[in-house]
Number of protein chains: 2
Amino acid sequence: MKNISQRMSSHKAGELVKDPTTLVETYPKVPLTVDCVLFGFEENVLKVLLIRSDLQVFDGLWSLLGDNVLDNEELDDAANRILKERTGMDDIYLEQVRSFSHPARHPGGRVITVAYCSLINIQHHQLKILDHELHWHEVQSLTKMAFDHFEILTYCNQWLQKRIQEHPLGFNLLPVKFSMRELQNLYEAILNHQLDRRNFRKKFASMGLLIDVNEIEDNVPHRPGKLYKFNFEKYEKNKRNWIGIDF
Amino acid sequence: MKNISQRMSSHKAGELVKDPTTLVETYPKVPLTVDCVLFGFEENVLKVLLIRSDLQVFDGLWSLLGDNVLDNEELDDAANRILKERTGMDDIYLEQVRSFSHPARHPGGRVITVAYCSLINIQHHQLKILDHELHWHEVQSLTKMAFDHFEILTYCNQWLQKRIQEHPLGFNLLPVKFSMRELQNLYEAILNHQLDRRNFRKKFASMGLLIDVNEIEDNVPHRPGKLYKFNFEKYEKNKRNWIGIDF
DNA sequence: ACATTGTTGTGTATTTTATACACATTCGAA
DNA sequence: TTCGAATGTGTATAAAATACACAACAATGT
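Residues numbered from 1 in each chain as written. Chains lettered and ligands numbered in written order. Predicted model: local features only at pLDDT ≥ 70, side-chain atom pairs only at ≥ 80, totals over all residues. Heavy atoms only, no water.

Description of the overall build of chain A
The cut-off we apply is this: Going along the chain from the N terminus, every DSSP run of H or I of four or more residues is numbered as a helix, and every run of E of two or more is numbered as a strand. Burial here depends on accessible area, computed with a 1.4 Å probe over protein chains only, as a share of the maximum for the residue type. Under 20% is buried, over 50% is exposed, and the range in between is partly exposed. We call two residues contacting when some pair of their heavy atoms lies within 4.5 Å. Residue exposure ignores everything except the shown protein chains as possible cover, and the areas themselves are Shrake-Rupley values with a 1.4 Å probe. Two residue types count as positive, namely Lys and Arg, and two as negative, namely Asp and Glu; His and chain ends fall outside the count. Charge positions come from single atoms, namely NZ of Lys, CZ of Arg, CG of Asp or CD of Glu.
Broken down by element type, chain A carries 7 helices and 10 strands. Overall, chain A is about 75 × 45 × 35 Å in size when its C-alpha atoms are taken along their principal axes. Across the 247 residues in chain A, those meeting the buried criterion constitute 53%. The contacts in chain A between residues at least 6 apart in sequence include a share of 63% that link residues at least 24 apart. Carbon and sulfur atoms form 47% of the exposed surface of chain A, whose accessible area is close to 12200 Å². Averaging the coordinates of the 31 positive side-chain charges in chain A and doing the same for the 34 negative ones gives two points 7 Å apart.

Here we look at the protein's contact with DNA strand C
Applicable threshold: We call a residue near a given molecule or strand whenever any one of its heavy atoms falls within 4 Å of it. Counted as a polar contact is a pair of N or O atoms within 3.5 Å, where, for protein atoms, one must be capable of donating a hydrogen and the other of accepting one, and residues adjacent in sequence contribute only when both atoms are in side chains. Here the term charged refers only to Asp, Glu, Lys and Arg, the term nonpolar to Ala, Val, Leu, Ile, Met, Phe, Trp, Tyr, Cys and Pro, and the term polar to all other amino acids, Gly among them.
The environment of DNA strand C is made up of 19 residues, and the closest members are A:Arg198, A:Arg201, A:Arg223, B:Arg198 and B:Arg223. Here, DNA strand C places atoms within 4 Å of the protein, and 42% of those atoms are sugar or phosphate. At a separation of 2.8 Å, a phosphate oxygen of DNA strand C approaches a polar backbone atom of A:Lys226. B:Arg223 places a polar side-chain atom, nitrogen or oxygen, 2.5 Å from a base oxygen of DNA strand C. Of all the secondary structure elements, the ones that give two or more residues to the surface near DNA strand C are helix H6 (197–207) of chain A together with helix H6 (197–207) of chain B. Residue composition of the surface near DNA strand C, grouped by class: 3 nonpolar, 4 polar and 12 charged.

Things to note about the state of the cysteines
For the record, the criterion: Throughout, disulfides are identified as pairs of cysteine sulfur atoms within 2.5 Å of each other.
Within this structure, the stated rule accounts for 0 disulfides over all chains. Distance from the sulfur of A:Cys36, which forms no disulfide, to the nearest cysteine sulfur (A:Cys117) is 9.0 Å. A:Cys36 sits in the buried class, given a relative accessible area of 0%. Here B:Cys156 stays free of any disulfide, with the sulfur of B:Cys117 as its closest cysteine sulfur at 3.6 Å. On the accessibility criterion, B:Cys156 (0% relative accessible area) is buried.

Points about the relation of the copies chain B and chain A
Threshold: When the copies are superposed, the least-squares fit takes in the C-alpha atoms of residues with a pLDDT of at least 70 in both.
Between the two copies, chain B and chain A, the superposition gives an RMSD of 0.0 Å; the rotation angle is 180° and the shift along the axis is 0.0 Å. Taken together, the turn and the small shift mark the pair as related by a two-fold rotation axis. Comparing contact sets, 100% of the residues at the interface of chain B also lie at the interface in chain A, consistent with an isologous, same-surface contact.

Considerations on the protein's contact with DNA strand D
Around DNA strand D lies a shell of 19 residues, among which A:Arg198, B:Arg198, B:Arg201, B:Lys202 and B:Arg223 are the nearest. Take the atoms of DNA strand D that sit within 4 Å of the protein: sugar and phosphate atoms are 43% of them. Here a base nitrogen of DNA strand D sits 3.0 Å away from a polar atom, N or O, in the side chain of A:Asn199. Every element with two or more residues in the surface near DNA strand D is listed here: H6 of chain A together with H6 of chain B.

Observations concerning the interface of chain B and chain A
Rule in force here: Throughout, the accessible surface (probe 1.4 Å) given up by two parts as they are put together, summed over both, is called the buried area. The working definition used for a salt bridge is a side-chain nitrogen of Lys or Arg within 4 Å of a carboxyl oxygen of Asp or Glu. Here a strand pair is declared whenever DSSP counts at least two bridges between the two strands.
Taken together, the contacts link 78 residues of chain B with 78 residues of chain A. Around 7300 Å² of area is buried between chain B and chain A when both sides are counted, 57% of it from carbon and sulfur atoms. Among the residues chain B hides against chain A, the three largest losses belong to B:Gln165, B:Ile245 and B:Phe247. Together they make up 12% of the total. Applying the counting rule to chain B against chain A returns 4 salt bridges. Linking A:Lys162 and B:Glu166 is a salt bridge whose minimum nitrogen-to-oxygen distance equals 2.6 Å. Connecting chain B to chain A are 21 residue pairs in polar contact (both at pLDDT 80 or more). Of the residues forming the side of chain B that touches chain A, the biggest block, 5 residues, is contributed by strand E1 (residues 29–42) of chain B. Bridge analysis of strand E1 (residues 29–42) of chain A against E1(B) gives 3 bridges, and the strand direction is antiparallel.

Focus: the sheet that holds strand E10 (residues 226–230) of chain A
Here we have 3 strands laid out as an open sheet, ordered E8-E10-E9 (chain A), and antiparallel in their pairing. Edge positions in the sheet fall to strand E8 (178–179) and strand E9 (210–216) of chain A, since each has one partner strand and no second.

Side note on the nonpolar core
Applied cut-off: Throughout this description, the term nonpolar core refers to a set of buried Ala, Val, Leu, Ile, Met, Phe, Trp, Tyr and Cys residues connected via side-chain atoms within 4.5 Å.
Judged by nonpolar contacts, the single largest core of 50 residues is most densely connected at A:Val34 and B:Val34. Breaking this core down by element, the ones donating at least two residues are E1, strand E2 (45–52), helix H3 (75–87) and strand E6 (112–120) of chain A together with E1, strand E2 (45–52), helix H3 (75–87) and strand E6 (112–120) of chain B. Filtering out sequence-adjacent residues up to four positions away, A:Val34 remains in contact with A:Leu65, A:Gly66, A:Asp67, A:Val69, A:Leu75, A:Ala78, A:Ala79, A:Ile82, A:Thr113, A:Val114 and A:Tyr116.

Coordinates in, geometry out; function isn't part of it.
Written as structure tokens, this is what we have:
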């Protein structure tokens with residue numbers, strides 16, 4: 001109750017607040033950051049883009065791409081700005097995942113962070129900015145990171161696993177034209193699980209969302225596979241919201 | 001880039017930061033609140049617990065149960081505290097949903113809020129605190145609310161619809177012992193969709209998670225139905241993480 | 001030219017799950 | 001006793017998931 005009465009102190013109980021600005025000025029303020037978990041896919045392995053931490057206490061440890069949120073900046077905008085600043089990339093799929101607020105998560109004091117996920121086609125976007133040893137790391141190889149970033153990464157990885165099964169996110173990690181094998185490798189890498197090749201193909205074929213571009217792979221040391229594009233227009237049109245209890 | 005160099009100003013580029021506290025002090029700070037979307041179920045209707053807004057600009061409009069986050073308070077703790085302060089309730093299922101950060105969402109200036117959802121059994125918890133005209137509203141009847149709370153409510157409602165199909169949340173809204181009809185009414189109310197009675201029962205029967213308590217309803221003006229309990233232990237043990245691409 | 005190797009592309013049988021649908025039973029109320 | 005209204009149950013059909021095998025193809029090496 002303490003806090004409610006504290007807020008009330010600026011006006012009598014039961015009376016309406018006429019000046020919201022004065023009210024907001026009484027609120028405690030916290031430093032707020034956004035951390036971007038940038039996933040990429042290369043050599044059939046799921047990767048994440050990291051930098052070397054600035055902080056001496058985290059000497060040698062890797063860190064997500066984060067920055068503080070600016071005055072009057074929306075969180076989505078902050079995430080996009082950080083992505084742009086760090087990688088030069090624009091117009092990338094980005095999604096808020098959740099906030100992390102443990103009081104001791106930052107050695108410099110209380111800092112709350114909001115995690116965003118982004119999926120990047122590594123081939124399509126050469127990294128132009130390499131500050132802080134920015135580069136890709138295999139997700140599976142990481143164990144310790146700066147701050148609570150390993151926890152955030154783990155959470156986002158699970159989020160991605162669930163998300164990719166219900167939404168066509170994966171195509172953001174592939175070239176525009178891809179083979180069935182590439183697609184399956186992507187799913188297997190993210191889900192960390194082997195899938196039956198024939199059933200996988202059947203599943204995607206039955207969805208009717210892949211466009212056969214009548215081309216085949218080259219530079220493969222074996223029989224080349226057909227290439228496909230994902231039909232985003234059709235997907236957007238037919239987006240279903242199904243009902244099916246399952247737990 | 002502006003912001004990175006701004007942060008850098010406290011130390012030379014390439015050098016490690018030795019004093020993280022000083023670093024954090026340079027971060028902009030924002031007022032942060034938690035808004036709780038408390039769902040309940042009564043008379044076969046999904047309801048949400050609201051208070052009358054304090055603010056004159058929102059004269060007459062209803063508002064979610066929110067409060068600012070205290071110094072060094074975790075968001076989860078803040079949400080639990082607010083729930084307790086407003087309703088007297090403790091030990092309630094609470095889950096973070098997402099943050100809302102539009103710069104103009106609060107008339108008093110920039111305030112970021114984190115939405116939490118909670119599901120409450122209305123019968124089991126009489127409201128002891130009725131400040132600010134706290135009471136239950138039919139979700140379907142709401143159109144305009146204070147702040148961006150209608151947007152938050154809508155988002156949380158959709159979140160709930162998805163969530164209830166994959167997790168046994170619904171049982172938090174029912175009495176410990178409930179009939180199949182009550183359970184189905186709950187799902188129909190939340191999903192806003194009619195379900196086939198026989199298939200619904202078959203589905204839950206096949207899950208094997210309902211315990212027949214060998215009792216029947218009373219005080220119903222028709223043939224009473226059998227009562228069941230949800231087997232939380234068995235659910236926790238067998239929690240599966242299935243793989244199935246579907247979009 | 002040919003055999004070898006590895007991957008592509010396809011089909012079918014089986015099981016499981018979802019959907020659609022109807023009727024007798026039970027209790028309360030009149 | 002009868003009526004009304006909801007309970008409890010089963011079956012047939014369609015759709016989806018799963019398990020599994022073999023021929024066709026292109027590249028490579030001989």
